[in-house]
Amino acid sequence: MIILVFLGSLFSTLAIGLPVAFALLTTGIVLMTFMGMFNPQIIAQQMITGANTFTLLAIPFFLLAGELMNAGGLSRRIVHFAVTCVGHIRGGLGFVAVMAAVIMASMSGSAAADSAALAAILVPMMRDAGYNVPRAAGLMAAGGIVAPVIPPSLAYIIFGVAANVSITGLFLGGIVPGLMMAVSLALMWGFVARKEKVETLPKSSGSERFKAAGAAVWALFMPVIILAGIRFGIFTPTEAAVVAAVYALFVGGVVYRELTWSSLYRVFVNAAKTTSIVMFLVAAALVTSWLITSANIPNQLIGLVEPFIDNPRLLMFCIVLLLLVVGMVLDLAPTILIFGPVLMPMIRAAEIDPIYFGIIFVMSTCISLITPPVGVVLNVVSGVSRVPMGKVVYGVLPFILSQIIVLALLVMFPEIVLTPLNWLR
């Protein structure tokens, strides 16, 4: 009965259009009332306790790093470097998008920010070169969702806090799946764009490539610092976020000199606004998470799925399908915060590696960012590139298929994730 109360109150509040954070708080109040333990002080205490976590400090700093990258010229130089490398081949600008998406993903970890930067720079170039614009916009959206999978990732941080899983392990384990997603996008782009008659860019000379690499070297060095620092224990993921923000500020302001006082003000304001939204959502979700545990809902769910416990792959396929469906109506962070704590006990009961599950969980929710009707990244790309939403949805369909194929392979063969993860640990 308690499961029905939880699901009924949650989906009812979402159905009437209540913002997700307030829907979670309302669900918590309903659960407390049903359990006969309603106390406003508990809500306030759990919100403060949940948000007052050192690990969550990574969120504002990684968001700030992403804003500084875009405003400080790092993103633009990365795209230019990719253009000089692969822009001359047929469909080259699409491969540029994939290459740039991977590099940028290893810096910011924000799907919306990376997609916006890619769409703003590359869609006009692809339009002028005669590419299919809706398909190009779809590629920008699909490239953007690589960001939360390749470390550093805000999604891994939120999942690690919500489900009590090692964030460092998630960071290290996400490298191979993220690169597989990028390769699948490149292969699918090569397939769908093979017959397009477009203008190819002139092949860059060695000196031009060297010059572009020199201009982008400060930006390209940023993921090396972050990943190497985490891998060798120089700093934690939270401290890595601070390093990323300070490094982006230094490069954009001192090296490239594109950060002015006025742009810096806008950068900090935008980062603060986004942080406030995410942190309020996290605080509200942790209230609901505490009540879910108090109501013993996870153990009840384990009882319901007990027939699947002995078949981990089948259980994972069912969970992935659930997340893909839920993700059509919920954004990435709410999905993680609501379902991460609920599903984790059954994952441990089935003896599935929590880090492997976290990576598959994040990948599933990331794919949902480019599926209608919500599709947050689709909306971002549509607005930035000025392509109607319906056309962006049409353009992104082949790339959704390629990402689902990668996801299915990782569910069928967990060793693809676990083997390199064990080596990196």
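The structure we're discussing is the one just above.
Bear in mind the structure is a predicted one, so any value in this text is a computation, not a measurement.

Cut-offs applied
Residues numbered from 1 in each chain as written. Predicted model: local features only at pLDDT ≥ 70, side-chain atom pairs only at ≥ 80, totals over all residues. Heavy atoms only, no water. Helix = DSSP H or I, 4+ residues; strand = E, 2+ residues; numbered from the N terminus. Expected span 1.5 Å × (residues − 1). Polar contact = N/O pair within 3.5 Å; in protein donor to acceptor, adjacent residues only side chain to side chain. Salt bridge = Lys/Arg side-chain N within 4 Å of Asp/Glu carboxyl O. Buried < 20%, exposed > 50% of the residue type's maximum accessible area, 1.4 Å probe, protein only. Core = buried A, V, L, I, M, F, W, Y, C linked by side-chain atoms within 4.5 Å. Contact = heavy atoms within 4.5 Å. Arc of directions from axis to C-beta. Phe/Tyr/Trp six-rings, centres within 6.5 Å; stacked < 30°, edge-to-face > 60°. Axes fitted to C-alpha atoms, helices over the stretch in contact; angles between N-to-C directions. Parallel < 35°, antiparallel > 145°, perpendicular 65-115°, else oblique. Left-handed = near helix turned anticlockwise from the far one by under 90°. Nonpolar A, V, L, I, M, F, W, Y, C, P; charged D, E, K, R; others polar. Patch = residues over 30% accessible without salt bridge, like charges linked within 9 Å, V, L, I, M, F, W, Y side chains within 5 Å. Areas by Shrake-Rupley, 256 points an atom, 1.4 Å probe, with all protein chains shown as cover.

S.K.: Explain helix α19 (residues 354-368) to me, please; I cannot follow it from the model alone.
M.R.: For α19, with 15 residues, the first-to-last C-alpha span of 21 Å sits near the 21 Å given by 1.5 Å per residue. Where α19 begins, one side-chain oxygen reaches toward the backbone nitrogen of Ile355, 2.8 Å away; that side chain belongs to Asp353.

S.K.: Would you explain the pattern of salt bridges in this entry?
M.R.: Side chains that carry opposite charge are capable of pairing whenever their charged atoms lie near each other. All told, the structure shown has 3 salt bridges when counted by the stated rule. Glu258 serves as the salt-bridge partner of Arg76, at 2.3 Å between the closest nitrogen and oxygen. Taken together, the positions of Arg76 in helix α5 (residues 74-86) and Glu258 in the loop between α13 (237-255) and α14 (261-294) put the pair 182 residues apart, joining distant regions of the chain. One salt bridge connects Arg77 with Glu258, and the closest N-O pair in it is separated by 2.9 Å. Of the two residues, Arg77 is situated in helix α5 and Glu258 in the loop between α13 and α14; the sequence distance between them amounts to 181 residues. Residue Arg77 is classed as buried on the basis of its relative accessible area of 17%. A network of salt bridges, in which partner residues are shared, links Arg76, Arg77 and Glu258.

S.K.: In this structure, what is going on with the nonpolar core? I would like to understand it.
M.R.: Within soluble globular proteins, side chains that are nonpolar tend to cluster in buried spots. Counting residues in hydrophobic clusters, the biggest one holds 158 residues, and the most contacted among them are Ile59, Met140, Phe159, Met222, Phe357 and Ile370. Once residues lying within four places of it in the same chain are set aside, the contact partners of Met140 are Ala97, Ser115, Leu118, Ala119, Leu122, Val123, Met126 and Val381.

S.K.: Honestly, helix α20 (residues 376-385) in this entry has me stumped. Any pointers?
M.R.: Where α20 is concerned, the buried positions are Val377, Leu378, Val381, Ser382 and Ser385. One side of α20 carries all its buried residues, which in axial view fall inside an arc of 135°. Buried residues along α20 sit in contact with α7 (111-128), α8 (133-144) and α21 (389-412). Immediately downstream of α20, the backbone of Arg386 shows phi near 60°, a positive value.

S.K.: Looking at this model, I keep getting lost on the packing of aromatic side chains. Mind explaining?
M.R.: Describing an aromatic ring pair means giving the distance of the ring centres and the angle of the ring planes. Under the defined criterion, the tally for this structure stands at 8 aromatic pairs. Note on Tyr156 and Phe171: the rings are 6.2 Å apart at their centroids and 50° apart in plane angle, and the pair reads as tilted. Placement of the pair is Tyr156 in helix α9 (residues 154-163) and Phe171 in helix α10 (residues 167-173), with a sequence separation of 15 residues. Of the two residues, Tyr156 and Phe171, neither departs from the other in class, the shared state being buried.

S.K.: Would you take a moment to explain the side chain of Ser402 for this structure?
M.R.: Mapped onto the secondary structure, Ser402 falls in helix α21. In this structure Ser402 comes out as buried when scored by relative accessible area, which is 4%. Among residues more than four places away in sequence, those in contact with Ser402 are Ser184, Leu185 and Met188.

S.K.: Just to check I follow, could you spell out the packing of α9 against helix α18 (residues 332-349) for this structure?
M.R.: To describe two helices that pack against each other, one gives the angle between their axes and the distance between the axes. Two elements in contact, α9 and α18, have axes whose closest approach is 9 Å; the angle formed by their N-to-C orientations is 45°. Looking at the two axes, α9 sits oblique to α18. As α9 packs across α18, the resulting crossing turns out to be right-handed. Note on element contacts: α18 touches α9 through Leu332, Ala333, Ile336, Leu337, Gly340, Pro341, Met344 and Arg348, opposite Ala155, Ile158, Phe159, Ala162 and Ala163. Across the contact of α9 with α18, the residue classes tally to 11 nonpolar, 1 polar and 1 charged.

S.K.: I would appreciate a short explanation of the side chain of Thr238 in the present structure.
M.R.: Residue position: Thr238 is located in helix α13. Judged by its relative accessible area of 6%, Thr238 is buried. Those residues in contact with Thr238 that sit more than four places away from it in its chain are Phe54, Thr55, Leu57 and Ala58.

S.K.: What am I meant to see in a nonpolar patch on the surface here?
M.R.: Side chains of Phe317, Leu401, Ile405, Leu409, Met412 and Phe413 sit close together on the surface and give an oily, nonpolar patch of about 510 Å² of accessible area. Top contributing element to the nonpolar patch by residue count: α21, with 4 residues. By the element assignment, Met412 lies in helix α21. Overall, the relative accessible area of 38% leaves Met412 in the partly exposed class.

S.K.: Just to check I follow, could you spell out unusual backbone geometry for this structure?
M.R.: Residues other than glycine predominantly adopt negative phi, and peptide bonds predominantly adopt the trans conformation. A cis amide bond, omega 0°, links Pro151 with the succeeding residue Pro152. Tracing the sequence through the fold places Pro152 in the loop between α8 and α9. Positive phi values are uncommon outside glycine, yet Glu351 reaches one of about 60°. Summarising the element assignment, Glu351 is placed in the loop between α18 and α19. For Glu351, a relative accessible area of 74% puts it in the exposed group. Unusually for a residue other than glycine, Arg386 sits at a positive phi of about 60°. Mapped onto the elements of the fold, Arg386 is located in the loop between α20 and α21.

What is shown is where atoms sit, not what they do.
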